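# Inside the fold
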Amino acid sequence: MDGVADMGGTSGWGPVHPPRRDEPVFEKPWQGRAFALALVSSRIACGGYNPDAFRHAHERLDRAAYLDEGYFGRWLNGAELMLTESAALAAGAIDARARNLRGEHVEEPPVPAPRPDYRPTAAPVGAGSLRSVDTAPAFAVGERVRAKDMSPPGHTRLARYLRGHTGVVERIQPASVLPDTNAHFQGENPQHVYSVRFDARELWGEDAEPFTLTAELFESYLEKSS
Amino acid sequence: MTATGGAGERLPASLRTEALEQLLTERGLIDPEVVDGIITTYETNVGPLNGAKVIAKAWTDPEYRRRLLDDGTAAIKELGFSGSQGEHIVVVENTATTHHVVVCTLCSCYPWPVLGLPPSWYKDPSYRARVVKEPRTVLAEMGLELDDDVQIIVHDSTSEVRWLVLPERPAGTEHLSEEELVPLVTRDAMVGVAKVTAP
């Protein structure tokens, strides 16, 4: 989906922030707790490991929920969305509890009924998202390929700035769970993954800075290019 | 209001985090000690020191360097580093003429087992948006000026492949041992936004 998370090549973010020496892992205590709680919440909501559903939750956040509280705020808000959707928490439960924590007296929503239609992630059968597939790769190293010009309504890892552009297969990476279906609990559908090398002028026009870029693209994101 | 939209006041993230932890604990869905354990792990055990050990070994052991560039995941595992967000790590080598730099434009994917959690600049929208469009300008803003004849290769981590940059060993460190080299290797150099400098 074309959400705020898909940032490659977008404008208006201002200057980059140079690295700071000795930056702590978590600048504030809540960030560490939000990070850990989000990791655990993701497993609760998905019934197991599903980073694709986790990322899809983040990219569906509104702009403020995605940006205003930074990376760990995004994790917190993504966790809330996943827990609410999976009926582990009622909508508004965190807000109500937070208000009570600061001294208001608000009624908290009841624990929701389990969702009978909810399909959690199956137990993993490989390391992380890596899988093996029986079919031979459709594209070879050195072959010219085009990233399809498509904008799926759900989750995808085909970044907008790559769509419709032509590159060359540089490496064939291990096959992996397809995020587009796994994020929606529609199966792992593992596919071959290719590191595709793009020229900056192909992506950004003749006046672009000279450089090359690689991105990992799933087989179904690609088509042959003569 | 929920986190996902609507008008109204958004309560501070610190307070909502506390609320989330209470709710999950009350319902028996989490064990606070597990939460503490995760925080401790990423604050103290998993960080760029792991990656620095990998790099220092590669600088001093040509056979290890070859294995690292051939199969990063396996070579890194030899030193005991593996786990979540490190299931498949590819190592690329910076040279006098080629400079690699890593980003994740879609979220902030990063090789946790060797570098820990990403620093704030890596997660910042301006880095994610701009380094795939004008890397030379971005690197200069970050303090790394590259000569015009250096080829820049940007790696956008759009799948589960994690990239680690093997920086150039700085001149003047020939006499240093592997152990003496480890503290020189910075996180930023292993992402490709800085070079390693001699002490």
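On a predicted model such as this, the values are computed, not experimentally measured, just so you know. (Residues numbered from 1 in each chain as written. Chains lettered and ligands numbered in written order. Predicted model: local features only at pLDDT ≥ 70, side-chain atom pairs only at ≥ 80, totals over all residues. Heavy atoms only, no water.)

Right, let's get into the overall build of chain A. Summing up its helical and strand segments, chain A has 7 helices and 5 strands in all. When the helices and strands of chain A are read in sequence order from the N terminus, they spell out α-α-α-α-α-β-β-α-β-α-β-β. Structurally, chain A occupies a C-alpha span of about 65 × 45 × 30 Å along its principal axes. Across the 226 residues that make up chain A, the buried fraction comes to 54%. Put simply, of all contacts in chain A between residues at least 6 apart along the chain, 65% involve residues at least 24 apart. Carbon and sulfur atoms provide 53% of the accessible area of chain A, an area that totals close to 9900 Å². (Helix = DSSP H or I, 4+ residues; strand = E, 2+ residues; numbered from the N terminus. Buried < 20%, exposed > 50% of the residue type's maximum accessible area, 1.4 Å probe, protein only. Contact = heavy atoms within 4.5 Å. Areas by Shrake-Rupley, 256 points an atom, 1.4 Å probe, with all protein chains shown as cover.)

Residues and elements named next belong to chain A. Enumeration over the complete set of coordinates arrives at 31 salt bridges over all chains. Where Asp6 meets Arg160, a salt bridge forms, and the shortest distance between an N and an O atom there is 3.5 Å. Here Asp6 is found in the segment before α1 (29-46), whereas its partner Arg160 is found in the loop between β1 (144-147) and β2 (166-176), with 154 residues between them in sequence. We classify Asp6 as buried; its relative accessible area is 6%. Across the pair Arg201 and Asp199 runs a salt bridge whose closest N-O atoms are separated by 3.0 Å. A single network of salt bridges, built from pairs that share partners, joins Asp95, Arg99, Arg102 and Glu104. (Salt bridge = Lys/Arg side-chain N within 4 Å of Asp/Glu carboxyl O.)

Under the feature "domain: Nitrile hydratase alpha/Thiocyanate hydrolase gamma" (unreviewed entry), the UniProt entry names residues 14-194 of chain B. Helix makes up 48% of residues 14-194 of chain B and strand 12%, with an end-to-end C-alpha separation of 33 Å. (UniProt positions renumbered as here; feature names shortened; annotations may be inferred.)

Moving on, we get to the UniProt feature "domain: Nitrile hydratase beta subunit" (unreviewed entry) in chain A. UniProt tags residues 131-224 of chain A as "domain: Nitrile hydratase beta subunit" (unreviewed entry). Counted over residues 131-224 of chain A, helix gives 10% and strand 36%. Its end C-alpha atoms are 24 Å apart.

Quick look at the sheet that holds β1(A) now. Reading across from one edge, β5(A)-β1(A)-β2(A)-β3(A)-β4(A)-β3(B)-β2(B) is the order of the 7 strands in this open sheet, with mixed pairing throughout. Strands at the two margins of the open sheet, each flanked by one partner only, are β5 (222-224) of chain A together with β2 (98-103) of chain B. Taken over all neighbouring pairs, the strand axes of this sheet differ in orientation by 35 degrees on average, direction set aside. Of the strand pairs in this sheet, β2(A) and strand β3 (residues 191-199) of chain A are connected by 6 bridges, and their pairing is antiparallel. (Pairing = 2+ DSSP bridges. Axes fitted to C-alpha atoms, helices over the stretch in contact; angles between N-to-C directions.)

All right, on to the UniProt feature "domain: Nitrile hydratase beta subunit-like N-terminal" (unreviewed entry) in chain A then. Those residues carrying the UniProt feature "domain: Nitrile hydratase beta subunit-like N-terminal" (unreviewed entry) are residues 1-107 of chain A in this numbering. The distance separating the terminal C-alpha atoms of residues 1-107 of chain A is 36 Å; by composition the span is 53% helix and 0% strand.

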